[in-house]
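So you can see what is in the structure, the chains are spelled out below.
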Amino acid sequence: MTYAITQTCCNDATCVAVCPVNCIHPTPEERAFGSTEMLYIDPRSCIDCGACADACPVDAIHPVDTLSGAQQEYAAINAAYFEDEAPRPAGDSPNFHAWGEPSFDRSLPSDFAPIRVAVVGTGPAGMYAAEDLLLHTNAEVTLVDRLPVAGGLVRYGVAPDHPGTKKVGGTFARFHTHPRVRMHLGVEVGRDITAEELAAHHDAVIYAVGASTDRRLGIPGEDLPGSVSATTFVAWYNAHPEVAPDAVGLSAERVVVVGNGNVALDVARILVSDPQSLASTDIADHALAALRAGTVREVVLLGRRGPEDAACTRSELLALKHLPGVELVVDDHDPRIGASIDAAGPKDRAGDLRGVTRRPVDWSQPPAPGRRIVFRFHSAPVAALGDGPVRAVRATGASGEQEITAGLLLRAIGYRGTPITGLPFDEATGTVPHERGRVTGRPGTYVVGWIKRGPSGGIGANRTCAAETVGTLLDDAVAGALPAPTQPPKAFRRLVRSRNRHVVDARGLAAIERVETARGRDDDRPRVKLATVRELVGAAKGARRRLPR
């Protein structure tokens, strides 16, 4: 028996580090690492020890003989990655894959004094940076987040029907109460404190603030009621406190989603899933109620290019084919679409659409009975139409422009970073200019994650990104290039408390966790999220009254 890596792979390579026979690839040392959609286990060299499954933070690794339903195809997907590689032992080793030379990137002088580092943002990028510092140095870490609860992308970006992916949050949570960590949640740099004040209390500051806004389409009607960014929609169904419960209406039968990346597929999947299947997840109460009362039956995914260039990962596309009660359709409006699918190889994304119904769609008619997701490739939006709310989307096609009747338009064409007060910003890329994580012209200031490299890569990509930034920071520390803090260690806590009396610390965060999980037990759910700042702060302070549902 061998193990296989499945859909929820996060690519952070924790499994690679514990494999005794080096059968998981690509490794961080290999050129392909970071460019493949997931990691793969070679079935010919796996020794069935299970170490990788124990280490996986997102529950993505399972014995092949236990895979069922939609997961079974991952045995073949893992094996196919190695099919062109002849199995032979490496030198005198019994292993089919050679280990590289060991490296010790975090070797520091024995007299290296503790440094104080602030990490702004508690999502994956920030927590991987904090983890690196805490495990490999004696640094003291201050965690700062503008929201009164930790988690970032894990809490507010991962779809509720991906509970395995959310498990990585448990890996990060163990550092929230680390003896060298101080947590200040609900504190916004630029509002409660300045970047200069934060720097004055620390040797170094790492900004891990992500990319919080969406890219624009730049078409007429984009700002009509009923035209919503996927950023807002994802935050809405994840109970983000800055998105109102009534921010999204689901009274339309057909929804057009611009884009076909993983976020677009998440949005489509949530819209057409049976609400009862979501009732056991941590989806926002208001979103679950809206889905139950809504009338959405069809989601159209507009892709500017062909199926061979779809921006989603194969694993997410394959998952759609197994969505209960949902039909997949490819709008066969352009002869290039069918030709691309038919010519695709077994490893090509377009090939995963082979067998999916292909037919031209009459967009002037309402959706047929049932629930479906329609892929419309080689089609781009030209305008959103409507005298009030959106009533249709005009899109390009092989035979000219067509109007697609729809009552909701969601744009899912990518995220974008926003400027950080006091730091340089590149408007073209939506990132902070840097050199290996070191902010240009700002000694002691660093960036990690999407604000550093742009909105690319999933959760695990932040691990290697953080390692680079922390490595640069430590090089600067050893070289004596970090500006010394001008304030004593305990002064920062006094400062933030004087500016904001609702600051949440690690004890408050634990109280929020207890309240949410207790509410979840009542409904047989992992948790029921508190959806407003007032509720979160109230739970953190141990409010005795029962919070409204």
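Residues numbered from 1 in each chain as written. Predicted model: local features only at pLDDT ≥ 70, side-chain atom pairs only at ≥ 80, totals over all residues. Heavy atoms only, no water.

K.L.:
How should I be thinking about the overall build of the protein in this particular structure?
P.N.:
A tally of helices and strands in the protein yields 19 helices and 23 strands. Relative to the compact-globule value of 24 Å for 549 residues, the protein shows a C-alpha radius of gyration of 24 Å, a close match. With respect to the three principal axes, the spread of C-alpha positions in the protein is 70 × 65 × 50 Å. A separation of at least 24 residues holds for 74% of the contacts in the protein among residues at least 6 apart in sequence. For the protein, the computed accessible surface area is about 23,700 Å², with 51% contributed by carbon and sulfur atoms. (Helix = DSSP H or I, 4+ residues; strand = E, 2+ residues; numbered from the N terminus. Rg over C-alpha atoms; globule rule 2.2 N^0.38 Å. Contact = heavy atoms within 4.5 Å. Areas by Shrake-Rupley, 256 points an atom, 1.4 Å probe, with all protein chains shown as cover.)

K.L.:
What am I meant to see in the sheet that holds strand 19 (residues 408-411) here?
P.N.:
If you walk across this open sheet you meet the seven strands as 10-19-11-12-15-13-14, and the pairing is parallel. Two strands close off the open sheet at either side, each with one partner strand: strand 10 (227-229) and strand 14 (357-359). Across the sheet, the axes of successive neighbouring strands diverge by a mean angle of 25°, strand direction being ignored. Here strand 12 (residues 298-302) pairs with strand 15 (residues 371-376) via five bridges, running parallel. (Pairing = 2+ DSSP bridges. Axes fitted to C-alpha atoms, helices over the stretch in contact; angles between N-to-C directions.)

K.L.:
Looking at this structure, I do not really get the pattern of salt bridges. What am I missing?
P.N.:
Opposite charge on two side chains permits them to pair, given that their charged atoms come into close proximity. What the rule picks out here adds up to 42 salt bridges. A salt bridge links Asp334 to Arg336; the shortest N-O distance between them is 2.8 Å. By relative accessible area, which is 48% here, Arg336 ends up partly exposed. Between Glu435 and Arg438 there is a salt bridge whose closest N-O contact spans 3.9 Å. Its relative accessible area of 52% is what places Glu435 among the exposed residues. Connected through shared salt-bridge partners, Asp214, Arg216, Glu222, Asp223 and Arg411 make up one network. (Salt bridge = Lys/Arg side-chain N within 4 Å of Asp/Glu carboxyl O. Buried < 20%, exposed > 50% of the residue type's maximum accessible area, 1.4 Å probe, protein only.)

K.L.:
Could you clarify how one ought to interpret the packing of aromatic side chains in this entry?
P.N.:
In this description, an aromatic ring pair is defined by two values, namely the gap between the centres and the angle between the planes. One pass over the full model with this rule turns up seven aromatic pairs. Considering the side-chain rings of Tyr128 and Phe172, the 5.0 Å spacing of their centres and the 85° angle between planes classify their relative orientation as edge-to-face. Pair noted here: Tyr128 is in helix 4 (residues 124-136) and Phe172 is in helix 7 (residues 168-173), with a separation of 44 residues, a long-range link. The buried category is assigned to Phe172, whose relative accessible area is 4%. Between the aromatic rings of Phe375 and Phe377, the centroid separation amounts to 5.7 Å while the plane-to-plane angle is 5°, which identifies the pairing as stacked. Of the two residues, Phe375 and Phe377, both sit in the buried class. (Phe/Tyr/Trp six-rings, centres within 6.5 Å; stacked < 30°, edge-to-face > 60°.)

K.L.:
Hey, could you run me through the nonpolar core in this one?
P.N.:
Note that soluble globular proteins tend to have their nonpolar side chains buried in a common cluster. Membership of the largest hydrophobic core comes to 72 residues, with the highest contact counts inside it found for Ile24, Leu39, Ile41, Ile115, Ile206 and Leu473. Beyond its immediate chain neighbours, meaning those up to four positions away, Ile24 contacts Ile5, Cys15, Val16, Cys19, Leu39, Tyr40, Ile41 and Cys52. (Core = buried A, V, L, I, M, F, W, Y, C linked by side-chain atoms within 4.5 Å.)

K.L.:
What should I look at first to understand the environment of Val257 in this one?
P.N.:
With respect to the helices and strands, Val257 occurs in strand 11 (residues 254-258). Classification of Val257 as buried rests on a relative accessible area of 0%. In this structure the C-alpha to C-alpha distance between Val257 and Arg411, which are 154 residues apart in sequence, comes to 5.8 Å.

K.L.:
Sorry if this is basic, but what is going on with the sheet that holds strand 17 (residues 392-395) here?
P.N.:
Pairing is antiparallel across the open sheet formed by three strands, whose spatial order is 16-17-18. The open sheet has two edge strands, strand 16 (381-385) and strand 18 (402-405), and neither has a second partner. The mean angle between the axes of side-by-side strands here comes to 25°, regardless of whether they run parallel or antiparallel. Examined bridge by bridge, strand 17 and strand 18 share four bridges and lie antiparallel to one another. Directly across from Val393, in strand 18, lies its bridge partner Ile404.

K.L.:
Whenever I open this one, the packing of helix 4 against helix 16 (residues 461-478) confuses me. Can you help?
P.N.:
Each pair of packed helices can be summarised by the angle the axes make with each other and by the distance between the axes. Where helix 4 meets helix 16, the axes come as close as 8 Å, and the angle between the chain directions of the two elements is 50°. Of the possible angle classes, the one that applies to helix 4 and helix 16 is oblique. Once helix 4 is placed against helix 16, the crossing between them reads as right-handed. Taking contact as the criterion, the partners of Pro124, Ala125, Tyr128, Ala129, Glu131, Asp132 and Leu133 in helix 4 are, on helix 16, Asn462, Arg463, Ala466, Ala467, Val470 and Leu474. Tallied by class, the residues present in the contact of helix 4 with helix 16 amount to nine nonpolar, one polar and three charged. (Parallel < 35°, antiparallel > 145°, perpendicular 65-115°, else oblique. Left-handed = near helix turned anticlockwise from the far one by under 90°. Nonpolar A, V, L, I, M, F, W, Y, C, P; charged D, E, K, R; others polar.)

K.L.:
Just checking my understanding: could you explain unusual backbone geometry for this structure?
P.N.:
A negative phi angle characterises most non-glycine residues, just as the trans form characterises most peptide bonds. In this chain, His25 is followed by Pro26 through a cis amide linkage whose omega measures -5°. Residues other than glycine seldom take positive phi values, yet Ala13 does so here, at roughly 70°. Positive phi, normally seen in glycine, also occurs at Ala239, with a value near 65°. A relative accessible area of 1% places Ala239 in the buried class.

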